[in-house]
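Here is what each chain is made of, one letter per residue.
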Amino acid sequence: MSASIPGTSVLSIKVSRFSPDLAFWTVLASWGGPWNRGAIESELVLPGTQLVTAEQDGSYFGYLLMRAAGEFAEIFYLCTDPAQRQRGVATALLGKCCAEARSNGAQRLVLEVRTGNQAAIALYRKHGFAVTLVKQRYYADGEDALLMVKEIGTVGKDL
Ligand SMILES: CC(C)(COP(=O)(O)OP(=O)(O)OC[C@H]1O[C@@H](n2cnc3c(N)ncnc32)[C@H](O)[C@@H]1OP(=O)(O)O)[C@@H](O)C(=O)NCCC(=O)NCCS
């Protein structure tokens, strides 16, 4: 799958069930976020877990970690290169995630997001996720989590 980022060459979106290459782990730490190599690799050994990556000209621009199991597919984490934000990278990753979830028979995509993460909440709302629950003091620092769900059904457009 590929997607276009305005003014640049084609963004390549790939899905893998295996550990990525060294270049991925090298940039991962620089992007920040709670997920590290050990955490991602320990998820990838579990059935149904997939790593969706966005690459362009040999560089990683973002990733999404997901698991599709039965009716629900879950997004564990989504992160894009801070230097490439608000250019459609996360949107392209979400589109591929929806397609993968649907092809694995999922009816709904679910995720948790911090209530203070306005950029991510805006992204998810824009792409059809709705808040279904507030998990109070869900995170270790006491912040609440929003449980957001997108109905994906068995047919239709990915995003
Ligand atoms: C949230 C995140 C993944 C968005 O990635 P991105 O590649 O910039 O997203 P996109 O370019 O596809 O943005 C699509 C839409 O999301 C929303 N959005 C993205 N960044 C935003 C921001 N900083 N402020 C407000 N809305 C934002 C907008 O609605 C945007 O549409 P628009 O460009 O037409 O306004 C990115 O900021 C990130 O990696 N943040 C750190 C990690 C994180 O918080 N992950 C989510 C954990 S649940």
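A few points on the structure. Counting of residues starts from 1 at the beginning of each chain's written sequence and follows it residue by residue. Since the coordinates come from a predicted model, pLDDT governs what is reported: local features require at least 70, and pairs of side-chain atoms require 80 or more to be given and counted, while whole-chain, interface and lining totals use all residues.

Next up on the list: the nonpolar core. Counting residues in each nonpolar core, the largest one holds 34 residues, and the members touching the most others are Val 52, Leu 64, Met 66, Leu 93, Cys 97, Ala 101 and Leu 109. Counting only elements with at least two residues in this core, the list comes to strand E2 (10-16), strand E3 (49-56), strand E4 (59-69), strand E5 (72-80), helix H3 (89-103), strand E6 (108-114) and strand E8 (145-151). For this core, the leading source of residues is H3, giving eight residues. In plain words, the nonpolar core is the set of buried Ala, Val, Leu, Ile, Met, Phe, Trp, Tyr and Cys residues that C-beta atoms within 7 Å link up. In this scheme the burial state of a residue depends on its C-beta neighbours within 10 Å: 20 or more other such atoms mean buried, 12 or fewer mean exposed, and anything in between means partly exposed; the C-beta positions come from the backbone. In DSSP terms, a helix is any run of H or I states spanning at least four residues, a strand is any run of E spanning at least two, and both are numbered starting from the N terminus.

For the rest of this paragraph, the subject is unusual backbone geometry. Its identity is not glycine, yet Asp 57 carries a phi of approximately 50°, on the positive side. With respect to the helices and strands, Asp 57 occurs in the loop between E3 and E4. With 10 C-beta atoms counted inside 10 Å, the residue Asp 57 sits in the exposed group. Notably, Gln 86 is not glycine yet its phi reads approximately 55°, a positive angle. Along the chain, Gln 86 turns up in the loop between E5 and H3.

These figures capture arrangement, not role.
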